[in-house]
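# Residue-level structure breakdown
Residue strings, one per chain:
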Amino acid sequence: MRIRIAKFITVFVILLNFIAVYFIWKLLSSHSKIKVSDTVVTPSPIFNESLGVKKTSKYQNEVTFIIRAFEHFDHDIVDTVRSVLNIYPNATVLIVADTPVYPPIVFNTTNFVKFVNLKIRLTNTFKDRTPNLLIKNKYVFFIPDSTRINSKKLLEKLINLSTKEPDKIIAVPYKGTKEVKCLSLHLNIREWLIRFDEPSPTRECDSIKGKHALFINTQVLFKMPDPFMLPFPDALYIQSASKYIKVTLADDVVLNNGRELFKSRHNQWKMQQLERERQRSMYNSLELKKVIKENGVIEWYGCRRDTQRCFGSIVDETPDYLWEGKWTPPCCLAGLRQTARHVLEQLEEARVRYWLEGGSLLGAMRGGDILPWDYDIDIGIYREDITRCTWLLRATDKPITDPQGFVWEKAVEGDFYRVQFSQINRLHVDIFPFYSRNGTMTKDTWFKTHPQDREFPEYYLKPLSTIDFIGRTVSAPNNIHDFLEFKFGEGAIENPEYPNPYKMAIHGLSRGPVGS
């Protein structure tokens, strides 16, 4: 009997020990620590007073945190991630980089943090390098590097704001930093143009300058063609403006800064170089050639005299940009104007009788400038005046470059001359030599694809008149209205058409931008 009691007591003590060990394990688990690289992060669950227990925020399961704007050579990624996981221990964090981060950052808690490397590598899959495929939550929260989350109610507030305005982007400013600036953005894709303006005081913007985070409904984010393009978020704002998506500044939500980055002069210099490179790459990728800043400064991102022009060879008299629903890139128009001014000055100095021809005269008549979709400038001259101009005379035998860098040459397509913007950039002015035959102006080379390329009565040139064109006064036929209708047909001035209007209509493009 005593042996049985002793066995019972022994079993009871063992059970008590197991129970004690279990509760000690549970207690330690509730205070477990998550290691992020060499930094320790302690989750901070939310305390529910009514139940007397702790629980994690339900909102963290609806949001993916994304860190996109950071630099490999000076960053605060570890402590930024720690700040997120301190408040939202089960949150998903994506760190998106163009190339593998070097030196590498190692996270022990792979359940919560994932690197997305956009660089194409044979060891990766398409999904691995496509952030959109890794976002499973309803919202995304882009936070800049060196961010500190300061409120357990942050996501709740932002989700409530987004619920009221689901089609808008919510911008969250930072405490103690320079005040953010709200800008309006005017995008003209057809003219390759973007203009920034400072709007009147409002909560709605198109773009924001200054450090801020972005909270976006995932479906809104997926409307962008490349939402992770650098520089971020500048590229995102241009894309959202193209979709007419507005940005709203949050009123009662702020974030805290982490440590100061880029304190050394060398790192500041590296940042400036990267910003310039990324900005140029962004505008080139988005096909925006002319940028007008809010302070009025104009920046050009198209072709220059030392680069090739923005469009290739012309096929069927229709440049490729017209098939894309665009007009001539503004940098090309600027190059054409510069070339035309130079050519006109040389002709006038040599006392060559000239006049605007074809679409160039049509553009002058309509708006005093090149037609916004035209790709060259046409000038007619009297053939007997060629000997008056040294450059035309010398170009008869071989191409010649004048002291200003313009290339004069005999065209390979026929008996006319061409003046190129430069050896590399082949924007050009065509000079057609006409001569009088029985009172009719004719020439030796005709273009069957140009219906307007036809003989005309010489009386249109006796006398010559003038017209405003590219910011100066130039020679033109007299009775310009009748001359253009003789060339192009009735109503040509009031209703100009693109080249090949019927082919373009078949492709769903307008036959002509009437009233533009």
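What counts as what
Residues numbered from 1 in each chain as written. Predicted model: local features only at pLDDT ≥ 70, side-chain atom pairs only at ≥ 80, totals over all residues. Heavy atoms only, no water. Helix = DSSP H or I, 4+ residues; strand = E, 2+ residues; numbered from the N terminus. Buried < 20%, exposed > 50% of the residue type's maximum accessible area, 1.4 Å probe, protein only. Contact = heavy atoms within 4.5 Å. Areas by Shrake-Rupley, 256 points an atom, 1.4 Å probe, with all protein chains shown as cover. Pairing = 2+ DSSP bridges. Axes fitted to C-alpha atoms, helices over the stretch in contact; angles between N-to-C directions. Disulfide = S-S within 2.5 Å. Core = buried A, V, L, I, M, F, W, Y, C linked by side-chain atoms within 4.5 Å. Salt bridge = Lys/Arg side-chain N within 4 Å of Asp/Glu carboxyl O. pLDDT = per-residue confidence, 0-100. Parallel < 35°, antiparallel > 145°, perpendicular 65-115°, else oblique. Left-handed = near helix turned anticlockwise from the far one by under 90°. Nonpolar A, V, L, I, M, F, W, Y, C, P; charged D, E, K, R; others polar. Right-handed = clockwise from strand over helix to strand, strands pointing away. Expected span 1.5 Å × (residues − 1). Arc of directions from axis to C-beta.

### Some words on the overall build of the protein chain
Helices and strands together make up the secondary structure of the protein chain, namely 13 helices and 29 strands. A burial count over the protein chain gives 46% of its 516 residues as buried. Partitioning the intrachain contacts of the protein chain with sequence separation of at least 6 by distance along the chain shows that 65% fall at a separation of at least 24. Summed over its atoms, the accessible surface of the protein chain is roughly 27100 Å², and 53% of this surface lies on carbon and sulfur atoms.

### Observations concerning the sheet that holds strand β19 (residues 298–300)
Sheets are built from strands that pair by backbone hydrogen bonding, the pairs being arranged parallel or antiparallel. Pairing within the open sheet is mixed, and its five strands lie in the order β14-β11-β12-β18-β19. With partners counted over all chains shown, the strands left at the sheet margins are β14 (207–209) and β19, one partner each. Recorded for the sheet is a direction-independent mean angle of 25° between the axes of neighbouring strands. Relative to strand β12 (residues 193–197), strand β11 (residues 181–188) runs antiparallel, the two being bridged by five bridges. If you follow N188 over to β12, its bridge partner there is L193.

### A short note on the state of the cysteines
A covalent bond bridging the sulfur atoms of two cysteines is what the word disulfide describes. For the coordinates displayed, the defined rule picks out one disulfide. Linked covalently through their sulfurs, C182 and C205 form a disulfide whose S-S length is 1.9 Å. Between C182 and C205, the disulfide has an S-S torsion of -125° and is therefore left-handed. Of this pair, C182 sits in strand β11 while C205 sits in strand β13 (residues 204–205), and the two are 23 residues apart along the sequence. The buried category is assigned to C182, whose relative accessible area is 14%. Taking the relative accessible area as the measure of exposure, C205 reaches 2% and is therefore buried.

### As for the sheet that holds strand β7 (residues 113–117)
One open sheet accounts for eight strands, arranged β7-β6-β5-β8-β15-β10-β16-β13; its pairing is mixed. Each edge of the sheet is formed by a strand with only one pairing partner; in this case those strands are β7 and β13. Note that strand β5 (residues 63–67) and strand β8 (residues 139–142) share four bridges and pair parallel. Opposite I66, over in β8, you have F142 as the bridge partner. Helix α2 (residues 77–87) rests against β5, β6 (92–97) and β7 of the sheet, and its axis sits at about 160° to β6. The strands that helix α4 (residues 154–164) touches are β5, β8, β10 (169–173) and β15 (212–217); relative to β8, the one it contacts most, it runs at about 120°.

### A look at the nonpolar core
One finds I379, I381, L392, W408 and I431 to be the most contacted residues of the largest nonpolar core, which totals 62 residues. Considering every element that reaches this core, the biggest residue donor is helix α9 (residues 330–349), with eight residues. Excluding residues within four positions of it along the chain, I379 makes contact with V343, L344, L347, Y354, W355, L356, E357, V429, D430, I431 and F432.

### A short note on the environment of S281
Within the secondary structure, S281 sits in helix α7 (residues 265–285). Residue classification places S281 among the partly exposed positions, given a relative accessible area of 40%.

### Regarding the pattern of salt bridges
Taken as a whole and assessed by the stated rule, the structure comprises 28 salt bridges. The salt bridge partner of E357 is K487, with a shortest N-O separation of 3.2 Å. With E357 in the loop between β20 (354–356) and α10 (358–367) and K487 in helix α12 (residues 480–488), the pair connects residues that are 130 residues apart, well separated along the chain. For K487, a relative accessible area of 5% corresponds to the buried category.

### Observations regarding unusual backbone geometry
Put simply, Y102 and P103 share a cis peptide bond, and its omega is -5°. Examined against the element boundaries, P103 turns out to sit in the loop between β6 and β7. Phi is positive for S146, close to 65°, though the residue is something other than glycine. By the element assignment, S146 lies in the loop between β8 and β9 (147–148). A relative accessible area of 2% means that S146 is categorised as buried. One non-glycine residue with positive phi stands out, namely E287, at about 55°. Position of E287 among the secondary structure elements: in the loop between α7 and β18 (290–292). Accessibility expressed as a relative area gives 31% for E287, which makes it partly exposed.

### Structural notes on the confidence of the model for the protein chain
Confidence in the prediction for the protein chain averages 87 pLDDT; 85% of positions are at 70 or higher. Note on residues 27–54: pLDDT under 50 across the span, and 51 contacts to partners over four residues away in sequence or across chains.

### Overview of the packing of α10 against α12
A pair of packed helices is captured by two measures, namely the crossing angle of their axes and the spacing between those axes. In contact at an axis separation of 11 Å, α10 and α12 are set at 140° when each is read in the N-to-C sense. In terms of orientation, α10 and α12 fall into the oblique class. Handedness of the crossing formed by α10 with α12: left-handed. Residues G358, G359, L361, L362 and M365 of α10 form the contact with α12, whose own contacting residues are I480, H481, F483, L484 and F488. Taken together, the residues of the contact of α10 with α12 sort by class into seven nonpolar, three polar and no charged.

### Overview of the pairing of β5
When a strand is regular, its side chains alternate between the sheet's two faces. Counted residue by residue, β5 has five buried out of five residues, so it is predominantly covered. Neither face of β5 is open: one carries V63, F65 and I67, the other T64 and I66, and all of them are buried. Of the pairings in the sheet, the one linking β5 to β6 comprises four bridges and is parallel in character. Residue pairing for β6: T64 is matched across the bridge by T92. Taken together, β5, α2 and β6 form a β-α-β motif whose crossover is right-handed.

### Re α7
Here α7 spans 30 Å end to end across 21 residues, near enough to the 30 Å set by a 1.5 Å rise per residue. Of the residues making up α7, those classed as buried are N267, M271, M282 and Y283. Within α7, the buried residues cover an arc of 125° as seen down the axis, which keeps them to one side. Turned more than 90 degrees off the buried face of α7, the exposed positions are R265, R276 and E277. Residues of α7 that are buried in the fold lie against β12, α6 (234–242) and β18. With its phi angle positive at about 55°, E287 sits one or two positions after the end of α7.

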